Amino acid sequence: MDAVSRRLLKELQDLQRDRASSAATSELEELAPMDDADLLSWKATMRGPEGSPYEGGRFHLTIQVPSNYPLQPPKIEFVTRVCHPNVRFATGEICLDILKTAWSPAWTLRSTCLAIALLLNHPEPSSPLNVDAANLLRCGDQLGYESLVRMYTRIYAMQ
Amino acid sequence: MALSPRTSVVFVPRNAYGTSYHGLVQIGQTEHVVRVDLGGTPEHPQWRGARLLGSSALRELLSSQMDILQAKLELCESIEAFTAELEDVLEKQQQQKTVESSQSAVSLDKTPTVHASFYAGLMDELDAVGWDFVFELDDHSVVLCIDDSSGQRHTVRAIMFADFPAAPPRLENDYGVALRVERDVNGRWLTGALRHMNEIVARYQHVWQVLRHVDESLWVLDAEATASLRLSRRIVLANLVLLELTFHPERPETLPSWRFLGSEANIAPLRSRWHANRALWSTNATTRENLEVLLGFPPPTRPTETSESGGFECGICYAYSLEDELTVASGEGERTSLVPDVLCANQHCGRPFHRPCLIDWFRADPTARQSLGVIFGQCPYCEQSISASTLASRTPRM
Ligand SMILES: [Zn+2]
Ligand SMILES: [Zn+2]
């Protein structure tokens, strides 16, 4: 078995072991390979963090694992439309340092997804992919930002 | 104990469309990887035009069969059908290889012609050895066995070539000890081999018993892989703390040479206690009892369910032992595997890494720097600086 599959299998085992203990508390509702035959494509579902304008939403993501993982980061995108300063609205592309330059093999698929969940609640308006949302935040219009997010969450993430 | 190399083939689809497969081919202890890419387009994949790709080691092993397999592949209609074809070819190849094995003068694609003198010679040898010592016999090899005083069975496998008994057999055992291949005074090969194996068993019986006890009573890393004359054992003492003991082959009950592995903060107190107590090592006690006295606590036993590597897996590939592909490809039936040997020096981290994994990561990390055969980078976990020699990375033994 190649090194990537071996590592991903270990990650999968760890996930299954931790599932029972952490499912209730984690924002990460689901993280699994798309199908058992291909360990390089995964899907994830996360819940909007409580107390955030994303609360109540369920967000789906796709994860493509490169063949030289964990030397290269996985490619993770939102499938569900998300209004967020660091997510490109049209494509779901995520701007997060660990998915690019700050990647390290110390990250797992799970911890990377948790970092994305964290980003949902803690946007970084200095490196925006969604200029409108970032501008609202930058101008200090927290109320305007939150109602915008809540609207999109209701439209796209609550079916 | 596998007496003949076992082969197995498993194919895993590489995508959801089933247009490409990774195959894991296991021959004995060695893993090979093949790839099957279907022809046609992703929407309309076709077996016609499918391509079989294999590592150079496997291509060499299959030699002329590779073309035949490629032709058969295009006629297959499912990966299951091709799996059966490949298994069939490997099975035959292995049978033939066992016969001809390392005799490089013998060409691989010729079936050996066995003369009547072969069987006459073999019968004569086995009569001389005594049939009680014959454990297994087929038309090209014989397994002789010796039971030691503790009831443990030791075997020697003699592989005969077509020109046996004119030409010597090849001798193998499970311990990696080279056996003398020479005729006895009556001109027979196997009696000499059995006598030599008896000497080896007598010489090492004691250390084997001690090692077996160690493997059973302590948490030894990769205990299954240590069936050879390897006298060292890596014993898990705590998470990320190992004790490596190397036993004396003739006096295994004496204090072995030792080395602690782990972060300095974790091992320093153990090392000083061990040092202070080392005169307490008793040649009458078991290794486990001695460890408890010298360490001041009972060493952990192997957990039944969870990970078997005591947290000592490589922080990059998550495996404990890393097969060294190059060595596997070049070594004659010999397998070396690397265990994580570079440790992060940060005492709060202490992560172990395989040197090759760390080097691969440093090469992918633009902040790492290389100079004079040493590559400098940061621990992927804590950013402590680590260096690794690139020279020794892929060639642990030459
Ligand atoms: Zn590794
Ligand atoms: Zn570290």
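The coordinates are above.
Residues numbered from 1 in each chain as written. Chains lettered and ligands numbered in written order. Predicted model: local features only at pLDDT ≥ 70, side-chain atom pairs only at ≥ 80, totals over all residues. Heavy atoms only, no water.

A. Expanded view of the sheet that holds strand β17 (residues 374-378) of chain B. All names here are of chain B. Spatially, three strands are ordered β16-β17-β18 in an open sheet, and the strand pairing comes out antiparallel. Both edges of this open sheet fall to β16 (369-371) and β18 (385-389), since each of them pairs with a single strand only. Taking each pair of neighbouring strands and ignoring which way they run, the sheet shows an average axis angle of 25 degrees. For β16 and β17, the ladder comprises three bridges, and the chain directions are antiparallel. Bridging from a neighbouring strand, S371 pairs with V374 of β17. (Pairing = 2+ DSSP bridges. Helix = DSSP H or I, 4+ residues; strand = E, 2+ residues; numbered from the N terminus. Axes fitted to C-alpha atoms, helices over the stretch in contact; angles between N-to-C directions.)

B. Local environment of the nonpolar core. Among the nonpolar cores identified, the biggest contains 59 residues, and L31, W42, M46, I63, F78, I94 and I116 of chain A are the most heavily contacted of them. With seven residues, helix α2 (residues 109-121) of chain A is the single largest residue contributor to this core. In contact with W42 of chain A, other than residues within four places in its own chain, are L8, L12, L15, L31, A32, P33, M34, L61, T62, I63, V65 and L109 of chain A. L122, L126, I146 and V214 of chain B belong to the second-largest nonpolar core, a separate cluster that totals 45 residues. (Core = buried A, V, L, I, M, F, W, Y, C linked by side-chain atoms within 4.5 Å. Buried < 20%, exposed > 50% of the residue type's maximum accessible area, 1.4 Å probe, protein only. Contact = heavy atoms within 4.5 Å.)

C. Representation of the coordination of the zinc ion (ligand 1) within the structure. All names here are of chain B. Around the zinc ion (ligand 1), the protein contributes the donor atoms C314 (SG), C317 (SG), H354 (ND1) and C357 (SG), which lie 2.0 to 2.4 Å from the metal centre. With four donor atoms in place around the zinc ion (ligand 1) and angles of 101 to 116 degrees between them, the coordination shape is tetrahedral. In terms of primary sequence, the donors binding the zinc ion (ligand 1) are separated according to C-x2-C-x36-H-x2-C. Judged by relative accessible area, H354 falls into the buried class, the value being 0%. (Donors = N, O, S within 2.8 Å, 3.2 Å for Na, K, Ca; no water. Tetrahedral: all angles 85-135°; square planar, octahedral: opposite > 155°, others 65-115°.)

D. Summary view of the coordination of the zinc ion (ligand 2). Residues and elements named next belong to chain B. Protein coordination at the zinc ion (ligand 2) comes from C344 (SG), C349 (SG), C379 (SG) and C382 (SG), with a distance range of 2.2 to 2.3 Å. Around the zinc ion (ligand 2), the four donor atoms sit at angles spanning 98 to 114 degrees, and that spread fits a shape best called tetrahedral. Each donor residue of the zinc ion (ligand 2) belongs to the same chain, with the gaps between them written as C-x4-C-x29-C-x2-C. One end of the pair, C344, is in the loop between β14 (342-343) and β15 (352-353); the other, C382, is in the loop between β17 and β18, with 38 residues separating them in the sequence.

E. Summary view of the pattern of salt bridges. According to the stated counting rule, one finds 19 salt bridges over all chains in the structure shown. One continuous salt-bridge network, built from bridges that share partners, spans E29, R47 and R58 of chain A. (Salt bridge = Lys/Arg side-chain N within 4 Å of Asp/Glu carboxyl O.)

F. Structural detail: a nonpolar patch on the surface. Taken together, the side chains of M123, W131 and L137 of chain B define a hydrophobic patch exposed on the protein surface, amounting to about 280 Å² of accessible area. Its location among the elements puts L137 of chain B in strand β5 (residues 134-137). (Patch = residues over 30% accessible without salt bridge, like charges linked within 9 Å, V, L, I, M, F, W, Y side chains within 5 Å. Areas by Shrake-Rupley, 256 points an atom, 1.4 Å probe, with all protein chains shown as cover.)

G. Main features of the environment of A116 of chain B. Relative to the assigned elements, A116 of chain B resides in helix α4 (residues 116-129). Under the relative-accessibility criterion, A116 of chain B is labelled exposed at 64%.

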